[in-house]
Amino acid sequence: MRQVFRLVGAVCLLMFKYAGAQDITWAEDVACIVYSHCSPCHNSYNNPNAQFRNYQDIHSQRLRIELYVNTGKMPPSLTNNHYNKFTGNKSLTQEEIDIIKAWAREQALEGDTSLTPEVPVYSKPVRTLTDPDITFRSNFVLPDTIKDHLRRCFIIPQGSHIGKNIQSIEVVPAYPYIVHSVFIYSEDLPYPYMLDDKDTGMGYTSYTGTGSPSSKPIYGWTLGSKPFHMPENLRLHVDPNAYLIVQLQYAEEGAGQVDSSEIHIKFDSSSSVRGAMTSALLSHDVNLVNGPFEVQIDSSKVFHEQYNVFNSMTLLSISPKAHNYCDNMRVFARLPNKDTIWLLKIDDWVADWSEGTYFYQKPVHLPKGTVINAFSLYSNTNSNLHDLYDTLETLHAGLDDHAHVDEMIFHFTYLPYSAGDENIIFDTLQHKIHHLGCAPVHKVTDIDDIETNSFYMYPNPAHTTITIETSELPLSSVIVYNSIGKKCVDMLNPDHEAKTRIDISGLPAGIYFIQINALNHSQIRRLIIGN
């Protein structure tokens, strides 16, 4: 989200010219992708202000949609699934991305409407988990104003679940369009109760997990997630003295409403099941190789953490934790035989879009002697979204909501290795099942990658104007979108001049996307507008 494009010197751009794009239509190709991957969230229940129901809905927003798909913001998934497969994979294939890009940038034809798949029908979410042991209902009155997101924590006291392990979890949002995500933690220290007592309302607000360093992430839910069930004979271990904390992240649209979302949890007290433990195997205060955790003003630093595996284990999930200064993260295991297994790769970390706990489709066996490594880049610069309205200070480690602290923690849920763990399966789905089994009819073929060193956009960050310049591909138009995809500037360049200046003085500070169109080519760049 906060990558800096240094455009003073030459920058290599990839620009595409699509062959066969004239055959792609909404009816035969794009509708199938939208109904399968986009409409499950963009419908009357989950997102009534941005519904994707028909050609007219998509055609009017095609460049915005193409922008989000091309930059990887939609469907929302931070992880790079080329390196390891997680459950609930939401990502598009490259073929699907190319179809949307080509259709949106070319003629965006509707095609033969009789060939359009039937429009999916959605209903209000209801509970499907039978006989849950705990049903938590938020009953929380949201404040009249929510800036960006609100994260509210609610404590579930100890009760009949003491000494039991979790078998299933289901989240039923009352209003899916305002509940962005739900995280569940276990905790055995009283600090969250102290935070709860200080807050006069129901629950308490914390933007950095529960606000307690000893809380363990158990489960994460985001819009579209299915009920969670542990495989047969496996359960999520809950410490005997622990209680649970539920954190709900609310969107701005929820301001002033009453949320009554439900979280249902089913336990298992059987002694014959294996309980998977959760621990912070990697943490900046224990495992940092190149400490201290500190980043000076106007600088960036890659931090490295290591953990030595002393007893063979089977990893079930990984839960990364970082604030808004983190740019990217890579976690991998180096086996005793020197082979490498990727455990997590996030190229563009955005804390608000984290899915919390990522379960592997197939658990990962790490033999004794394995070394787990984590590398994360942290940027303490004005181009960082978190700092657009702040004065820079030295960044250091910290848990609270203070503006100039961050963390680098990776929790893992794991089992002591047992023969046959390689056969455990959480999910076999490699790609989301398409609506009514549909498939795009056409393909985008012969994508010509044109490399050029002659595109320049400067300055970046900018304040009042930006200049876009090229010497090889005459500019035809430039479109500026804000971070939520709203068109802010649409400037035609009918004379196809090689250099143009754009006035941005009327735009507030923030992150923007610039779509540069040059003849049959299009390129999207990111722009920082400062105060």
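Keep in mind it's a predicted model, so treat the numbers as computed, not measured.

A. A look at helix H1 (residues 26-37). Of all 12 residues in H1, 11 are buried; the element is thus mostly enclosed. Within the sequence span of H1, burial applies to Trp26, Ala27, Asp29, Val30, Ala31, Cys32, Ile33, Val34, Tyr35, Ser36 and His37. On the buried face of H1, the contacting elements are helix H2 (55-59) and helix H4 (94-105). Measuring from the side-chain oxygen of the N-cap residue of H1 to the backbone nitrogen of Glu28 gives 3.1 Å; that N-cap residue is Thr25.

B. A look at the pattern of salt bridges. This structure, assessed with the given rule, holds 10 salt bridges. The salt bridge involving Arg152 is made with Asp199; its shortest N-O contact spans 2.8 Å. With Arg152 in strand E4 (residues 149-156) and Asp199 in the loop between helix H5 (191-198) and strand E7 (204-205), this pair connects stretches of sequence that are 47 residues apart. The salt bridge involving Glu407 is made with Lys321; its shortest N-O contact spans 3.5 Å. Remark: Lys321 occurs in strand E17 (residues 313-321) and Glu407 occurs in the loop between strand E23 (405-406) and strand E24 (409-416); sequence separation between them is 86 residues. With respect to burial, Glu407 and Lys321 carry one shared label: buried.

C. View of the state of the cysteines. Under the counting rule described, the total for this entry stands at one disulfide. With a sulfur-sulfur separation of 2.2 Å, Cys32 is cross-linked through a disulfide to Cys438. The sign of the 90 degrees torsion about the S-S bond sets the Cys32-Cys438 disulfide as right-handed. Residue Cys32 is found in helix H1, and its partner Cys438 is found in the loop between E24 and strand E25 (445-458); the two are separated by 406 residues along the sequence. For the pair Cys32 and Cys438, a shared accessibility class is recorded, and that class is buried.

D. Looking closely at the pairing of strand E2 (residues 134-137). The two faces of E2 differ: Ile134 and Phe136 on one face are buried, but Thr135 and Arg137 on the other face are not. Across four bridges, the pairing between E2 and strand E13 (residues 262-268) is antiparallel. Residue pairing for E13: Phe136 is matched across the bridge by Ile263.

E. Highlighting the sheet that holds strand E18 (residues 326-334). Overall, antiparallel pairing links the four strands, which are arranged E16-E21-E18-E19 in an open sheet. The two strands at the open ends of the sheet, each matched to only one other strand, are strand E16 (299-308) and strand E19 (340-346). Neighbour to neighbour, the strand axes of the sheet diverge by 15 degrees on average, direction disregarded. Bridge analysis of E18 against strand E21 (residues 371-380) gives eight bridges, and the strand direction is antiparallel. By the bridge assignment, Arg330 is partnered in E21 with Phe375.

F. Examining unusual backbone geometry more closely. Of note, the bond from Tyr458 into Pro459 is cis; its omega dihedral lies within 30 degrees of zero at -10 degrees. Counting through the fold element by element, Pro459 comes out in the loop between E25 and strand E26 (465-470). Pro461 follows Asn460 through a cis peptide bond whose omega is 10 degrees. On the secondary structure map, Pro461 appears in the loop between E25 and E26.

G. Highlighting the sheet that holds E7. The strand order across the open sheet formed by five strands is E7-E4-E11-E6-E8, and the pairing between neighbours is antiparallel. Either end of the sheet is taken by a strand with one partner, and the two such strands are E7 and strand E8 (216-222). Bridge analysis of strand E6 (residues 179-187) against E8 gives six bridges, and the strand direction is antiparallel. The residue of E8 that forms the bridge with Ile184 is Tyr219.

H. Structural view of the environment of Tyr175. Considering the arrangement of structural elements, one finds Tyr175 in the loop between strand E5 (165-172) and E6. Separated by 51 residues in the primary sequence, Tyr175 and Lys124 place their C-alpha atoms 8.7 Å from one another.

I. Representation of the packing of helix H3 (residues 62-70) against H4. Interaxial distance between H3 and H4 falls to 9 Å at its minimum, and their mutual angle equals 150 degrees. Judged by the inter-axis angle, H3 sits roughly antiparallel to H4. In the packing of H3 onto H4, the handedness of the crossing is left-handed. In contact with Arg62, Leu63, Glu66, Val69 and Asn70 of H3, H4 contributes Ile97, Ile100, Lys101, Trp103, Ala104 and Arg105.

J. Spatial organisation of the environment of Tyr325. By the element assignment, Tyr325 lies in the loop between E17 and E18. Taking relative accessible area as the criterion, Tyr325 reaches 0% and is therefore assigned buried. Separated by 55 residues in the primary sequence, Tyr325 and Asn380 have C-alpha atoms spaced 6.5 Å apart.

Calculation notes
Residues numbered from 1 in each chain as written. Predicted model: local features only at pLDDT ≥ 70, side-chain atom pairs only at ≥ 80, totals over all residues. Heavy atoms only, no water. Buried < 20%, exposed > 50% of the residue type's maximum accessible area, 1.4 Å probe, protein only. Helix = DSSP H or I, 4+ residues; strand = E, 2+ residues; numbered from the N terminus. Contact = heavy atoms within 4.5 Å. Polar contact = N/O pair within 3.5 Å; in protein donor to acceptor, adjacent residues only side chain to side chain. Salt bridge = Lys/Arg side-chain N within 4 Å of Asp/Glu carboxyl O. Disulfide = S-S within 2.5 Å. Pairing = 2+ DSSP bridges. Axes fitted to C-alpha atoms, helices over the stretch in contact; angles between N-to-C directions. Parallel < 35°, antiparallel > 145°, perpendicular 65-115°, else oblique. Left-handed = near helix turned anticlockwise from the far one by under 90°.

Just distances and angles here, no functional claims.
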